[in-house]
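# Examination of the molecular architecture
In case you want the letters, here they are:
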Amino acid sequence: MNNLIDQIRPFISSEVFLLTLVMGTFLFGVFIYKKTKITLLQPLLISMLIIIPFLKLTGIDYPTFCKQTRILNFMLGPSVVALGYILYAQIEQIRGNVISILTAVFAGSIVGIVSVVLIAKLLGADHILMASLAPKSVTTPIAISLSEKNGGIPALTAAFVVICGLFGGLVGPVILRRLGIKSKIAVGLAMGSSAHALGTARAMEIGAVEGAISGLAIGIMGIMTALLIPFAEKLF
């Protein structure tokens, strides 16, 4: 078995194969999710459950995987910008709510940073771990950049961002429903501020307004988090 893997490793570790694997498993996850409508079966989670064992079995390390799929990391930025089209379609929902939107995201940014840093500090985490955790609630490109500049571990931050997004996308709508929050703007802001792109994907399933506002929240959350983390460093 090991000899066979060694022989085919140059092929299975190639850029074409790994990109096909990532996109194929994600599309498979989308198919499963659409067929079952089970919230827990998120496409990203299904992809992870397939790709991680595959990498472990074949001995492909993370740096190699990251290098060969770097185009997908690059496309994260444009994909967030593309949300601007959806936002433009719902521009009427934003007019008259600018102050409330900015205030809500600002509060979400402070809570998102301070809460995780204080909890990590109480549990005895060091500066590196806290710097890796602080930007967990913003989209991956921004989170990785902030983590690297503040002494964190970008790969660890990326993992925290995914976990945060999955958790927010799964339980966010349930919590909001239980709290009786029916405002479309409030739902969108909550999902985008707490669970970034994955939360926005879930918000789009709820409604067009929720998805658009959630996309707006991603951008504002990124800016505010970048401005607030230097002040939060004093808590480190």
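Residues numbered from 1 in each chain as written. Predicted model: local features only at pLDDT ≥ 70, side-chain atom pairs only at ≥ 80, totals over all residues. Heavy atoms only, no water.

## Considering the overall build of the protein chain
When you go through the protein chain residue by residue, the secondary structure sums to 13 helices and zero strands. The secondary structure elements of the protein chain, listed N-terminal to C-terminal, are α-α-α-α-α-α-α-α-α-α-α-α-α. Radius of gyration (C-alpha) of the protein chain: 19 Å, near the 18 Å computed for a compact globule of 236 residues. Taking the principal axes of the C-alpha coordinates as reference, the protein chain spans close to 65 × 45 × 30 Å. Relative to its 236 residues, the protein chain shows a buried fraction of 41%. (Helix = DSSP H or I, 4+ residues; strand = E, 2+ residues; numbered from the N terminus. Rg over C-alpha atoms; globule rule 2.2 N^0.38 Å. Buried < 20%, exposed > 50% of the residue type's maximum accessible area, 1.4 Å probe, protein only.)

## Concerning the nonpolar core
Counting 17 residues, the largest nonpolar core has Ile94, Ile101, Val105, Leu189, Ile213, Leu216 and Ile220 as its most contacted members. Listing elements by their share of this core, those giving two or more residues are helix H8 (98-122), helix H12 (184-206) and helix H13 (208-232). Sort the elements by how many residues they give to this core and H13 lands first, with eight residues. When sequence neighbours within four positions are dropped, the list of residues in contact with Leu189 reads Ile101, Ala104, Val105, Ile213 and Ala217. Listed in part, the 13 residues of the second largest apolar core include Val116, Ala120, Ala125 and Leu228. (Core = buried A, V, L, I, M, F, W, Y, C linked by side-chain atoms within 4.5 Å. Contact = heavy atoms within 4.5 Å.)

## Looking at helix H11 (residues 154-178)
The end-to-end C-alpha distance of H11, which contains 25 residues, comes to 35 Å, matching closely the 36 Å that a straight helix rising 1.5 Å per residue would cover. Along its length, H11 shows its largest kink, about 40°, at Val171, and proline Pro173 lies within four residues downstream of that point. Positive phi shows up at Gly180, right after H11, with a value of about 75°. (Expected span 1.5 Å × (residues − 1). Bend = angle between axes of the 7 residues up to and from the residue.)

## Comments concerning a nonpolar patch on the surface
The grouping of Phe28, Phe31 and Ile50 at the surface amounts to a nonpolar patch, some 280 Å² of accessible area in total. Looking at the element boundaries, Phe28 is found in helix H2 (residues 15-36). (Patch = residues over 30% accessible without salt bridge, like charges linked within 9 Å, V, L, I, M, F, W, Y side chains within 5 Å. Areas by Shrake-Rupley, 256 points an atom, 1.4 Å probe, with all protein chains shown as cover. Salt bridge = Lys/Arg side-chain N within 4 Å of Asp/Glu carboxyl O.)

## Focus: the pattern of salt bridges
This model, assessed by the stated rule, comprises one salt bridge. Two residues, Arg202 and Glu205, come together in a salt bridge whose shortest N-O distance is 3.2 Å. In this pair, Arg202 and Glu205 are both assigned in helix H12, three residues apart and thus about one turn of the helix distant. Look at Glu205 and you get partly exposed, because its relative accessible area is 43%.

## Section: the layout of surface pockets
Empty space within the largest pocket amounts to approximately 1,700 Å³. Taken together, 42 residues line the largest pocket, and the ones lying closest to its centre are Leu44, Asn73, Leu76, Thr140 and Val162. Every element with two or more residues in the lining of the largest pocket is listed here: H2, helix H3 (43-58), helix H4 (62-68), helix H5 (70-81), helix H10 (140-149), H11 and H12. (1 Å grid on protein atoms, 1.4 Å probe; cavity = no way out; pocket = protein on both sides within 12 Å on 5 of 7 lines; lining within 4 Å. Points joined across faces, edges and corners; volume = space filled by probe spheres on them.)

## So, unusual backbone geometry
Within the chain, His196 stands out as a residue other than glycine whose phi angle is a positive 40°. By the element assignment, His196 lies in helix H12. A relative accessible area of 3% means that His196 is categorised as buried.

## A closer look at empty space enclosed by the protein
Using the criterion set out here, one finds one cavity of 30 Å³ or more in the structure. The wall of the largest cavity is formed by Gln42, Gly165, Leu166, Gly169, Leu170 and Leu198. Ranked by residue count, the leading element in the lining of the largest cavity is H11, at four residues. Looking at the lining of the largest cavity residue by residue, the classes come out as three nonpolar, three polar and no charged. (Nonpolar A, V, L, I, M, F, W, Y, C, P; charged D, E, K, R; others polar.)

## Describing the packing of H8 against H13
Contact geometry of H8 with H13 gives a least axis separation of 9 Å together with a crossing angle of 50°. It follows that H8 is oblique to H13 by the angle criterion. Seen along the crossing, H8 lies across H13 with a hand that is right-handed. Contacts from Ile101, Leu102, Val105, Phe106, Gly108, Ser109, Ile110 and Ile113 of H8 reach H13 at Leu216, Ala217, Ile220, Met221, Met224, Thr225, Leu228, Ile229 and Ala232. For the contact of H8 with H13, a count of residues per class yields 14 nonpolar, three polar and no charged. (Axes fitted to C-alpha atoms, helices over the stretch in contact; angles between N-to-C directions. Parallel < 35°, antiparallel > 145°, perpendicular 65-115°, else oblique. Left-handed = near helix turned anticlockwise from the far one by under 90°.)

## Details of the packing of aromatic side chains
For the coordinates displayed, the defined rule picks out two aromatic pairs. Site record: aromatic cluster; members linked through ring pairs are Phe11, Phe17 and Phe54. (Phe/Tyr/Trp six-rings, centres within 6.5 Å; stacked < 30°, edge-to-face > 60°.)

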